[in-house]
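Notes for the structure review
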Amino acid sequence: RKNWLTATGLSVPQALPPDEEEALTYHLSKVGDTMRWARGDWALYWRHKIDREANRKDWSYAYKRERQAQMMEDLADLLGINTQSLYDEAACCSNWPREARLCGTAVGFEHHRLLSGRLPLDERLAHIQEAESSGMPTREFSAYLKHVYEWSLSAQITTIPPEFTPPAVTDYFRWHNL
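Keep in mind the model is a prediction, meaning the values are calculated, not measured.

1. A few points about the overall build of the protein chain
Looking only at helices and strands, the protein chain features 7 helices and 2 strands. For the protein chain, the N- to C-terminal ordering of α and β elements is β-β-α-α-α-α-α-α-α. Burial status across the protein chain gives 42% buried among its 178 residues. Considering only contacts in the protein chain between residues 6 or more positions apart, those separated by 24 or more positions represent 63%.

Here it is, written out as C-alpha cells:
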C-alpha cells in the first residue's frame, strides 16, 4: 500500500489515520495467504513436472519418489521455508482447486488447511462459506470443527498423493486406499 512495502520490510509513516491502519492490516494478512497458496501451487507444478519426466523416462516408483522428495527439499531451501511447511502448503493446494478457494475478510489459507483432505469438496465449501459469513477467526473455526467432528486437528494431513494433476481436487481416502 502506497509503496511502503520494501524487500526488507514495511516503511510506515509515524502516524496513520485509523482507516488506513485497518486497510494496511487487512492487505498484509492477505499477502501471507497469497504466498502460501503460491508456494503450494509452485511445489505441485514441480512435482507434476517430475511425474511427466518419470513417465517419459520409465523411472521406477522408488526413484521417482526420491527425486520428488529431493525437489521438495531444494525448493523449500530456495523459498526460505522448512520442507514440512512446503509439504503442508502443497497438500492444501492439491485439495482445493483454485476456483474453490475463498480469500475473504475472515477466511484465509489456514481455514482451508484445517479442512484439507477431510471431507468432500461441497461439505468443505459449506464450512468455509459459513466461517466467512460469520466472521469466524481460525482459532474459533478450529474449535468448531473439533467439536462437530471430534477431530484431532493437531494431526494434519500433510502428504501429497503420489499421482495427481494439479490443481485437481484429489480424494484423500483414495490416496490411502481407505
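2. Details of the environment of Ser85
Along the polypeptide, Ser85 turns up in helix 3 (residues 83–95). On the basis of relative accessibility, which here comes to 26%, the residue Ser85 falls in the partly exposed class. Once the C-alpha coordinates of Ser85 and Gly40 are considered, the two residues, 45 residues apart in sequence, prove to be 9.2 Å apart.

3. So, the packing of helix 1 (residues 18–57) against helix 3
Where helix 1 meets helix 3, the closest approach of the two axes is 8 Å, and the angle between their N-to-C directions is 85°. Overall, the two elements helix 1 and helix 3 adopt an arrangement that is roughly perpendicular. Counted together, Arg36, Trp37, Arg39, Gly40, Asp41, Ala43, Leu44 and Arg47 of helix 1 and Leu86, Tyr87, Glu89, Ala90, Cys92, Cys93 and Ser94 of helix 3 form the full contact between these two elements. Considered class by class, the residues forming the contact of helix 1 with helix 3 number 8 nonpolar, 2 polar and 5 charged.

Basis of the calculations
- Residues numbered from 1 in each chain as written.
- Predicted model: local features only at pLDDT ≥ 70, side-chain atom pairs only at ≥ 80, totals over all residues.
- Heavy atoms only, no water.
- Helix = DSSP H or I, 4+ residues; strand = E, 2+ residues; numbered from the N terminus.
- Buried < 20%, exposed > 50% of the residue type's maximum accessible area, 1.4 Å probe, protein only.
- Contact = heavy atoms within 4.5 Å.
- Axes fitted to C-alpha atoms, helices over the stretch in contact; angles between N-to-C directions.
- Parallel < 35°, antiparallel > 145°, perpendicular 65-115°, else oblique.
- Nonpolar A, V, L, I, M, F, W, Y, C, P; charged D, E, K, R; others polar.

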